[in-house]
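Chain residues, written in single-letter form:
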Amino acid sequence: MRAVKMMPIIEALKRGKRFAVIAHIFPDGDTIGSCLALANFLMDHGKTVELFCHDAPPENLAFLPGIQNFIRPGQNGQAKSDAYDAVVCLDCSDEGRLGDAAYFLEQASCTINIDHHATNTVYADINFVEPEASSTSELVFDLIQEMDNNYFSLAVYEAIYTGIATDTGNFGFSNTTPAAHRIAAQAIEYGLDVDKLTRALFRNTTEARVRLLAKALSSLEMHCDDRVAFLTVSRSMLEEVGLDVNDADGIVNYGIDIVGVECAALFKEIEKGRTKVSLRTKGVVDASALAARFGGGGHARAAGCLINASIEQAKEQILEALKSMLG
Ligand code: 5GP
Ligand code: MN
């Protein structure tokens, strides 16, 4: 089934010579992993690839081969989209997720959208959206296997494993598909070092991050008869420890892990009057539906949105929306 849906993409990738591959804003392991896997695969097949991301990739992914090649849209001096045979957006559920790379969609002769978010707005010329997939990296694995069954490299396996492991909470969330485990098994058979990747992806915090975590945890607020947990990361907390908002990744899980909590939200102050909200839920609340009320999206158990309001106002708005969703 996926093989049939992938055909137009395979044709475009085989036909073209020069590609732009785009990751989403505030990049995570899946968008970076899927971009690097596809880029390495295409380059190993003689193609030219340029990698774009609105924000710098997270530090803990620095071990991934090729990650230093990501550039900000517009920073290659000749970022005209018509220079590419196709522009491939990976793990980007809507145009807003492309940040400054969104202009590619207007200019490029062929745009391709590969994603696993149910909220994807099918904004490209060719759209391959599979909400049942664990990750976009799983879809890129399928694509690579379909294009060249004999090909695989450690660089590609590391990138794909990174995307799957990070999006599934190290093979623990409800999106952990049999395919996710099969691909991981294949990667390990090939020689991937699980200990090295687990350490890099999940167990390599810094003193500054632990201090940020301490501040965020002490901000814990419980609402709605202790079924809702709110955590906060303000600009001043970030400045005190010298980190930026991307370093708050994962903190929201401390809220959702509390027994009895149905919805946890982490409020990150991007700047004064702009608050990024990370949402996690258990069974009762659909996180992507909650995020969608504020123009965001994501998955049933993990979603996010950007609210143009202060942290306190954003909290009030989320709480108001939650009251009708908690049942
Ligand atoms: P996180 O809270 O880890 O940043 O994101 C959780 C999930 O929600 C991810 O799948 C991510 O792609 C999605 N997500 C987070 N923020 C936004 C947003 O502002 N818009 C959309 N459409 N999805 C988001
Ligand atoms: Mn993803």
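First, a word on scope: everything that follows refers to the structure included in this document. (Residues numbered from 1 in each chain as written. Chains lettered and ligands numbered in written order. Predicted model: local features only at pLDDT ≥ 70, side-chain atom pairs only at ≥ 80, totals over all residues. Heavy atoms only, no water.)

### Quick look at the pairing of strand β10 (residues 274-281)
Every regular strand shows the same layout, with side chains that alternate between the two sheet faces.
In step 1: Among the eight residues of β10, seven are classified as buried, and the element is accordingly described as predominantly covered.
In step 2: Of the pairings in the sheet, the one linking strand β9 (residues 263-271) to β10 comprises eight bridges and is antiparallel in character. From the neighbouring strand, L266 faces β10, where its bridge partner is S278.
In step 3: The pairing of β10 with strand β12 (residues 302-307) spans six bridges and is antiparallel. Bridge pairing links L279 to A303 in β12. (Buried < 20%, exposed > 50% of the residue type's maximum accessible area, 1.4 Å probe, protein only. Helix = DSSP H or I, 4+ residues; strand = E, 2+ residues; numbered from the N terminus. Pairing = 2+ DSSP bridges.)

### Notes on the site of ligand 1
In step 1: Ligand 1 sits among 15 residues. The nearest are S93, H117, K276, S278 and R280.
In step 2: Measuring from an oxygen atom of ligand 1, one finds a backbone N or O atom of G304 at 3.4 Å.
In step 3: Contact with the protein chains hides 84% of the accessible area of ligand 1, taken as 490 Å² for the molecule alone.
In step 4: Of all the secondary-structure elements, those providing two or more residues to the shell around ligand 1 are β10, β11 (297-298) and β12.
In step 5: Broken down by element, the residue count for the shell around ligand 1 peaks at four residues, all from β12.
In step 6: Grouping the constituent residues of the shell around ligand 1 by class yields three nonpolar, eight polar and four charged.
In step 7: Here the shell around ligand 1 spans two domains, since at least three of its residues come from each of domain 1 (2-202) and domain 2 (208-326). (Near = heavy atom within 4 Å. Polar contact = N/O pair within 3.5 Å; in protein donor to acceptor, adjacent residues only side chain to side chain. Areas by Shrake-Rupley, 256 points an atom, 1.4 Å probe, with all protein chains shown as cover. Nonpolar A, V, L, I, M, F, W, Y, C, P; charged D, E, K, R; others polar. Domains from an automatic or database assignment.)

### Examining the coordination of the manganese ion (ligand 2)
Four donors placed tetrahedrally about a metal ideally form angles of 109.5 degrees, and six donors placed octahedrally ideally form angles of 90 or 180 degrees.
In step 1: Within the protein, the manganese ion (ligand 2) binds to D30 (OD), D91 (OD), H116 (NE2) and D167 (OD); these donor distances fall in the range 2.2 to 2.4 Å.
In step 2: All donor residues of the manganese ion (ligand 2) come from one chain, and their arrangement in sequence is D-x60-D-x24-H-x50-D. Of this pair, D91 sits in the loop between β4 (86-90) and α3 (103-107) while H116 is found in the loop between β5 (111-115) and β6 (126-129), placing the two residues 25 residues apart along the sequence. Side by side, D91 and H116 carry an identical accessibility label, which is buried. (Donors = N, O, S within 2.8 Å, 3.2 Å for Na, K, Ca; no water.)

### Some details on the sheet that holds β11
In a beta sheet, neighbouring strands are held together by backbone hydrogen bonds and run either parallel or antiparallel to one another.
In step 1: Reading across from one edge, β7-β8-β9-β10-β12-β11 is the order of the six strands in this open sheet, with mixed pairing throughout. For this open sheet the edge positions go to β7 (221-223) and β11, each flanked by a neighbour on one side alone.
In step 2: Across two bridges, β11 lies against β12 in antiparallel orientation. Bridging from a neighbouring strand, G297 pairs with G304 of β12.
In step 3: Lying over the sheet, helix α12 (residues 311-323) contacts β7, β8 (228-233), β9, β10 and β12, oriented at roughly 160° with respect to β8. (Contact = heavy atoms within 4.5 Å. Axes fitted to C-alpha atoms, helices over the stretch in contact; angles between N-to-C directions.)

### Side note on the packing of helix α5 (residues 154-167) against helix α6 (residues 178-190)
In step 1: Two elements in contact, α5 and α6, have axes separated by 10 Å at closest approach and are oriented at 145°. Note on packing geometry: the crossing formed by α5 with α6 is left-handed. Contacts between α5 and α6 involve L154, Y157, I160, Y161 and I164 on the former and, on the latter, A180, I183, A184, Q186, A187 and Y190.
In step 2: Residues that form the contact of α5 with α6 fall into these classes: ten nonpolar, one polar and no charged. (Left-handed = near helix turned anticlockwise from the far one by under 90°.)

### Brief notes about the packing of aromatic side chains
In step 1: The final tally for this structure, using the stated rule, is twelve aromatic pairs.
In step 2: Measuring from centroid to centroid gives 5.0 Å for F141 and F152, while their planes differ by 20°, and the two rings are stacked. With F141 in helix α4 (residues 136-147) and F152 in the loop between α4 and α5, the pair connects residues that are eleven residues apart, well separated along the chain.
In step 3: The interplanar angle of 35° and the centroid separation of 5.9 Å between the aromatic rings of Y151 and F152 together place this pair among those described as tilted.
In step 4: Members of the aromatic cluster, each reached through a chain of ring pairs, are F41, F141, Y151, F152, Y157 and Y190. (Phe/Tyr/Trp six-rings, centres within 6.5 Å; stacked < 30°, edge-to-face > 60°.)

### Some details on the environment of E11
In step 1: Secondary-structure assignment places E11 in helix α1 (residues 2-15).
In step 2: Looking at E11, the relative accessible area reads 44%, which means it is partly exposed.
In step 3: Taking C-alpha positions, E11 is 32 Å from F171, a pair spaced 160 residues apart along the chain.

### Considerations on the sheet that holds β6
In step 1: Overall, parallel pairing links the six strands, which are arranged β3-β2-β1-β4-β5-β6 in an open sheet. Of all the strands in the sheet, the pair left with one neighbour each is β3 (70-71) and β6.
In step 2: Two strands pair when backbone bridges link them, and strand β2 (residues 48-52) and β3 are joined in this way by two bridges, in the parallel orientation. Following the sheet pairing, F52 is matched in β3 by I71.
In step 3: Those strands touched by α1 are β1 (18-22), β4, β5 and β6, and its axis lies near 140° from that of β6.
In step 4: Lying on the sheet, α4 is in contact with β4, β5 and β6; it crosses β5 at an angle near 120°.

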